[in-house]
There are 4 protein chains.
Amino acid sequence: MTQSIEATSAPGGAAEGGEEQYYRGLGSLNVEPLWRNTDPRLLPTEPRSQAVPYVWRYADVRRELMTAGRLISAEEAERRVLMLINPGLAPEVETANNLYAGIQLVLPGEIAPMHKHAAAAFRFVIEGTGAYTAVNGERAHMHPGDIVLTPSWAWHDHGNFTDEPVVWMDGLDLPLINKLESNFFVDGPEQAQEQLRSADSTERLYAASRLNPAWKTWDKPYSPLINYPWSVTEQLLKSALDEWVGSPTDGVIFEFTNPESGGPIMPTMGAYIQALPAKMHTEAHQHTSSAIYHVVRGRGQTIVDGEVLDWSQHDTFTVPGWSVHEHINTENEPAVLFSHTDIPVLKALGFYQERACVRQA
Amino acid sequence: MTQSIEATSAPGGAAEGGEEQYYRGLGSLNVEPLWRNTDPRLLPTEPRSQAVPYVWRYADVRRELMTAGRLISAEEAERRVLMLINPGLAPEVETANNLYAGIQLVLPGEIAPMHKHAAAAFRFVIEGTGAYTAVNGERAHMHPGDIVLTPSWAWHDHGNFTDEPVVWMDGLDLPLINKLESNFFVDGPEQAQEQLRSADSTERLYAASRLNPAWKTWDKPYSPLINYPWSVTEQLLKSALDEWVGSPTDGVIFEFTNPESGGPIMPTMGAYIQALPAKMHTEAHQHTSSAIYHVVRGRGQTIVDGEVLDWSQHDTFTVPGWSVHEHINTENEPAVLFSHTDIPVLKALGFYQERACVRQA
Amino acid sequence: MTQSIEATSAPGGAAEGGEEQYYRGLGSLNVEPLWRNTDPRLLPTEPRSQAVPYVWRYADVRRELMTAGRLISAEEAERRVLMLINPGLAPEVETANNLYAGIQLVLPGEIAPMHKHAAAAFRFVIEGTGAYTAVNGERAHMHPGDIVLTPSWAWHDHGNFTDEPVVWMDGLDLPLINKLESNFFVDGPEQAQEQLRSADSTERLYAASRLNPAWKTWDKPYSPLINYPWSVTEQLLKSALDEWVGSPTDGVIFEFTNPESGGPIMPTMGAYIQALPAKMHTEAHQHTSSAIYHVVRGRGQTIVDGEVLDWSQHDTFTVPGWSVHEHINTENEPAVLFSHTDIPVLKALGFYQERACVRQA
Amino acid sequence: MTQSIEATSAPGGAAEGGEEQYYRGLGSLNVEPLWRNTDPRLLPTEPRSQAVPYVWRYADVRRELMTAGRLISAEEAERRVLMLINPGLAPEVETANNLYAGIQLVLPGEIAPMHKHAAAAFRFVIEGTGAYTAVNGERAHMHPGDIVLTPSWAWHDHGNFTDEPVVWMDGLDLPLINKLESNFFVDGPEQAQEQLRSADSTERLYAASRLNPAWKTWDKPYSPLINYPWSVTEQLLKSALDEWVGSPTDGVIFEFTNPESGGPIMPTMGAYIQALPAKMHTEAHQHTSSAIYHVVRGRGQTIVDGEVLDWSQHDTFTVPGWSVHEHINTENEPAVLFSHTDIPVLKALGFYQERACVRQA
């Protein structure tokens, strides 16, 4: 197999009519001259996210959600979600560059029918005790502060058989999987899955120890845990606050892990809970990963590229990738933040970078 | 820390003025009702790439490139590239969903100054023998069919000190790293790097055996090889064609690997060379990964979602993710295709899916 | 470099004097003829351990240990250990093929001075509450049922400042590391380590959740946990017994894991806790790994290659590799067994094999 | 489940008759007092191998082997091996602590029937061209300098259909697998395996490039390559000697790798080829791994713990673990050494240690 090619003298034709005709010609061939390209993203000194820092106030979102409770029938309950749209990314359904969050209301007696998708999701419970999410044949009951996983391709359905409304935050990797054009959606054969195990059995098996059941094998890329219950998380935070300073940039911060790998709960999203001690003002830093924060309790500020985000309980806010940011707990009690990020994605691809910065305030 | 919240009766205010006012109100809060969303990408039965199948004919691209050789000064040589823009993705600089390819001309005596970036790149040489790419202090001389790596954050510069024009295809993960908002670009301190090792020494060390130098350690996520020379690739293809049928969907296909991991050359791109035996008509399949093909030799067709792409030597064509495709070698000689894909990305994130399909022709 | 060698005609000299002289000659050259070898281990149909099944009765061991308490001065306290010697392996200090166990008594007021070694060790506490093991600057207080790690190269010292005697089982990979001729031993600079952290802080941080502290990095091959406390283990066993059948060969069995990897606590030893429900008679199987069992509570039998081992609380017994074995809980209460094995070693080297067998009783 | 136990007063009985009676009593219980143990291996300052440095001269071994060619019938050909027994380890069949080597003679027309075993093996060819080893259905033809793998559980048989005697060195992990009591041996159903592929096809596919066949999947823990041919190895050594200094302790040294993992050829043995430039005297070092060296060409000395080992072409010598050693090439031509080691074992278990030392000569 030879590669040799006679270097033909370039036919001038295209250029006779002058440059403009030449460049028009290029367009018709679906090629574009790099030397005329002015898109700054081709040679960026450093990343500049199109997302903007933003806070969604729970008072507003909850009010509108309750109104939606009257507008939206039980049949549509599974879609009674207010999607948090990043003003810098609209009209894309994106809360941060690779991450989505929405606030969902499920009223007493409502269910969300069985389905599965390639996109990975979790729920972080804001209000209401006792509704369930069923995953692969097991119902996990949800309490405020619980994080409940519905991973890629896992069958799941939800139901609220209590007498109070339930509100949770949905977290998904939808913006990422859409960019990667890899999403699939499958409706289930029934409304609700058959229950193969007693409710919450995986939580009892995995949540509160470092022991793994040796009679089971696990070959999935995500955590076998369905629910990381707040009762366990809260106890850990309390004891850790008594003796650890934690990270200068994030305080006492823990990652929810996959017991089978020690790594993130899912290949596409990492989930964290952090406590900022009373009056803590963290050091500033920046990293290529994006984050969506949900305020579990407390009140404070996060300064992002010079912009001050004020937050209080149940607000949701986002910090774009590579933005310089620092957290301030303005109160005399610890503030607790839940967050999810795309760190696992950036690390898997070699794109994670982090840098300490000078404080802005 | 308690999570309990009194379920306040929803203030009707927002809804008094009727639904329209309500929905306008949502917009002002940067939330969007999922129940009114009609974006099919939120619940896709299966992926549908926005990219389209397309062939860039080398005869056209080469002609315009030679014209550019007269238009563009030596100073701009590093930017004398015709970028292959996928008609379905324009104006984005994307050839496939996560992949970019451009055709570059470097004339005798020209150089492209030293720089580095977080985006990973390689060059596949089309025409011209003897120009070099210098990577981290070593010059690799380029010959038609060579694949030369300039990985993420690796310093590199190019030069053509021969008396013939050199044409190569640039392959980059730029569309991916831009979506992930993680690119950095740094200009080098000099025009050309100091030469720390004799030219092509890494090729001699690594390219033609399964032995690794035990006096070196390697901690990078990409291959230590700078050049995978055509001389080695060609010999392998010849002998493999004599005795292997290969894959029903891709014929005799090899992946260029990282000798330190056995995996892909880079975390974000896989590179392959394949030979379709005379008259081979492959079985049809689809996978979530995208591919850009460059025809090293031969002539044939690739049918993509029913559309026929005719290709011959040095043409470049793309097959979008999840499209049903099959290859036909219309000639009595083997056809050879080089391709690069985003398979490593999709596998790392758990998004790779593949399915056999019914032939379209 | 040529390899060619003239095939010289073999000088008959050595054989003139007949075979016997020939074979004597071989000995003097330190070569041995394979064709005369009769060592069955060179071509074994399957493995046959030199270890034998054996039970060490706690009543006996404890009695002798208390006597040793009078014989052995406080200065020698660290060596007041009765090593459990497998009758089939004596005089080697081995309890199973790759594993060692000894029973140690530490009296009130005694300490074992600071040291470290390449061999990995743990303590499983049998009697006495409140003595400590200090590891890398942190004291872990010990309670019956706790498993306390002193991993490879980790500084450690022990002390009993309570008013009751403490008895624990030492578990080490000494037989393995001795076979691999890789052990090192270093005495510490002081009697006791400086306390760098508050006592038991690692237990509070890691033991009772699936969250990892994100402000710490861990690059060791073993678990960061020092103590896996019985309080956590017991609670898990109780709840698991209520709803799981577990494994047909081992009942409800859990592995103590490394939170950073999801794997075994150490590269050379795996540790397990299992509960056999009332009257359970397990199915028989065999595996290449060896195990040392310590009876935490209950009474029963283990049949090993047809031999019946009767065991009750605090006895220690061993099951050799590839022996056919089955467990019987003879009582109406759950029996609880702690065990340590060489599974991680055999799996890392590709030597782990397992096979179901016909029951012997 | 309570762990509490009343600390019974120790029954004095056993001690009444004085210490001697007490210690006799311990023996009858198969326990041994650590405080009386004098085995230095329990607390070694550093490892001290029981193996000794030793050279087996090829002139001697070959002469005796040729004599064996007359003594041993063709039926026993498979066992016509002179096993190299380390004087420090005799009567164990061990050449180094975890490694075995033997020299085998196969005469024209002889075959070694099909079999497989858990122990991993390879052959390094010393004399004779054209005999074959068949592995999993493929015959690999052997030439001086080739290394041919017969991995754990792989069916293999050998034959010499040429008209010259063939001599090779067998390398096995037998001492290790015996210590781990994990070996299995299975005779094949026929004399010779059915040939499923054309001879040497895997060598053509894998040996001389960094490309992996993408139409095959490989899930074994060892290399898919059967033969690493000398022709490829020799060419690499030649070119590397022209431009690399290599390691100060080992010269220009390469590891034979598994193309699917980038790691060692097998989980239990690593194989290396190294060239010591003319007159090179390496720096001294020590490591916990053991090695068996075979001299491919040249003449020199290796000083091991002060003892001088003189070696020349085709001699085999061993360097025990943790011995201080340095190599001297006494000639004006490069010396070439093949070696196999237990490095992969020690690294997998966390036992690998290395240290630079002061030269002994």
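Bear in mind that the values here come from a model prediction, so they are computed numbers and not experimental data. (Residues numbered from 1 in each chain as written. Chains lettered and ligands numbered in written order. Predicted model: local features only at pLDDT ≥ 70, side-chain atom pairs only at ≥ 80, totals over all residues. Heavy atoms only, no water.)

Asks: A description of the overall build of chain A should follow, citing residues and the corresponding values.
Replies: The helix and strand inventory of chain A stands at seven helices and 24 strands. Over its C-alpha atoms, taken along the principal directions, chain A stretches across nearly 80 × 55 × 50 Å. For chain A, with 361 residues in total, the buried portion stands at 62%. Partitioning the contacts of chain A with sequence separation of at least 6, the portion at a separation of at least 24 is 74%. About 12500 Å² of surface is accessible on chain A, with carbon and sulfur atoms providing 51% of the total. (Helix = DSSP H or I, 4+ residues; strand = E, 2+ residues; numbered from the N terminus. Buried < 20%, exposed > 50% of the residue type's maximum accessible area, 1.4 Å probe, protein only. Contact = heavy atoms within 4.5 Å. Areas by Shrake-Rupley, 256 points an atom, 1.4 Å probe, with all protein chains shown as cover.)

Asks: With reference to specific residues and values, describe the interface of chain A and chain B.
Replies: The interface is formed by 102 residues belonging to chain A together with 102 residues belonging to chain B. Taken together, chain A and chain B are joined by zero salt bridges. The tally of links from chain A across to chain B stands at 26 residue pairs in polar contact (both at pLDDT 80 or more). Here the side of chain A that touches chain B gets 10 residues from one element, more than from any other, and that element is helix α3 (residues 58-71) of chain A. Partitioning the side of chain A that touches chain B into residue classes produces 58 nonpolar, 21 polar and 23 charged. (Salt bridge = Lys/Arg side-chain N within 4 Å of Asp/Glu carboxyl O. Polar contact = N/O pair within 3.5 Å; in protein donor to acceptor, adjacent residues only side chain to side chain. Nonpolar A, V, L, I, M, F, W, Y, C, P; charged D, E, K, R; others polar.)

Asks: Now, about the interface of chain A and chain C: what can you tell me, with residues and values included?
Replies: Across the contact, 39 residues belong to chain A and 39 residues belong to chain C. Across the chain A/chain C interface, buried area totals approximately 3200 Å², and carbon plus sulfur atoms make up 62% of it. For the pair chain A and chain C, the number of links is two salt bridges. On the surface where chain A and chain C come into contact, there are 18 residue pairs in polar contact (both at pLDDT 80 or more). (Buried area = accessible area lost by both parts, 1.4 Å probe.)

Asks: Could you give me a rundown of the domain arrangement of chain A, with the residues and numbers involved?
Replies: Here chain A is partitioned into domain 1 (6-36) and domain 2 (54-356). With centres defined by C-alpha atoms, the gap from domain 1 of chain A to domain 2 of chain A works out at 52 Å. (Domains from an automatic or database assignment.)

Asks: Mind laying out the packing of aromatic side chains, listing which residues take part and the relevant values?
Replies: This structure, assessed with the given rule, holds 60 aromatic pairs over all chains. Relative to Phe 184 of chain B, the ring of Trp 153 of chain B has its centre 5.4 Å away and its plane inclined at 40°; by these criteria the two rings are tilted. Taken together, the positions of Trp 153 of chain B in the loop between β9 (147-150) and β10 (156-159) and Phe 184 of chain B in the loop between α4 (174-179) and β12 (185-187) put the pair 31 residues apart, joining distant regions of the chain. The exposure class of Phe 184 of chain B is buried, given its relative accessible area of 7%. Aromatic side chains Tyr 293 of chain C and Phe 317 of chain C sit 4.9 Å apart centroid to centroid with 10° between the ring planes, which places their arrangement in the stacked category. Placement of Tyr 293 of chain C in strand β18 (residues 291-297) and of Phe 317 of chain C in strand β21 (residues 316-319) is noted, with a sequence separation of 24 residues between them. Among the residues examined, Tyr 293 of chain C registers a relative accessible area of 4% and is labelled buried. On the basis of relative accessible area, Phe 317 of chain C is assigned to the buried category, the value being 0%. What links up through ring pairs into an aromatic cluster is the set Phe 122, Phe 124, Tyr 228, Phe 256 and Phe 338 of chain A. (Phe/Tyr/Trp six-rings, centres within 6.5 Å; stacked < 30°, edge-to-face > 60°.)

Asks: Explain the sheet that holds strand β5 (residues 111-117) of chain A to me, using residue names and the numbers behind them.
Replies: Residues and elements named next belong to chain A. Reading across the sheet, the five strands line up as β8-β7-β10-β5-β12 and stay open at both edges, with antiparallel pairing between neighbours. Taken across any chain shown, the strands that pair with only one partner, and hence form the sheet edges, are β8 (138-141) and β12 (185-187). Neighbour-to-neighbour, the strand axes of the sheet open up by a mean angle of 25°, direction not taken into account. In this sheet, β12 lies alongside β5 in antiparallel orientation, the contact comprising three bridges. Residue Lys 116 lies in a different strand from β12, and its bridge partner there is Val 186. (Pairing = 2+ DSSP bridges. Axes fitted to C-alpha atoms, helices over the stretch in contact; angles between N-to-C directions.)

Asks: I'd like to hear about the environment of Leu 84 of chain C, residue by residue, with values.
Replies: With respect to the secondary-structure elements, Leu 84 of chain C resides in strand β3 (residues 81-84). Residues Leu 84 of chain C and Ile 177 of chain C lie 93 residues apart in sequence; the distance between their C-alpha atoms is 18 Å. The residues contacting Leu 84 of chain C, other than those within four sequence positions of it, are Trp 56, Glu 94, Thr 95, Ala 101, Gly 102, Ile 103 and Thr 316 of chain C together with Asn 30 and Val 31 of chain D.

Asks: Break down the relation of the copies chain A and chain B for me, with residues and values.
Replies: Expressed as a screw operation, the relation of chain A to chain B combines 0.0 Å of axial shift with a rotation of 180°, fitting to an RMSD of 0.0 Å. These values place the two chain copies in the arrangement generated by a two-fold rotation axis. Among all residues of chain A, the one whose C-alpha sits closest to the rotation axis is Ala 348 of chain A, at a distance of 3.3 Å. In this assembly, 100% of the residues forming the interface of chain A have copies in chain B that are likewise at the interface, indicating an isologous arrangement. (Least-squares fit on C-alpha atoms with pLDDT ≥ 70 in both.)

Asks: Outline the packing of α3 of chain A against helix α2 (residues 19-28) of chain B, supporting the account with residue identities and numerical values.
Replies: The packing of two helices is summarised by the inter-axis angle and the distance between the axes. Their axes nearest at 12 Å, the elements α3 of chain A and α2 of chain B cross at an angle of 145°. As α3 of chain A packs across α2 of chain B, the resulting crossing turns out to be left-handed. Counting all contacts with α3 of chain A, which are made through Glu 64, Thr 67, Ala 68 and Leu 71 of chain A, the residues of α2 of chain B involved are Glu 19, Tyr 22, Tyr 23 and Leu 26 of chain B. When its residues are assigned to classes, the contact of α3 of chain A with α2 of chain B shows five nonpolar, one polar and two charged. (Left-handed = near helix turned anticlockwise from the far one by under 90°.)

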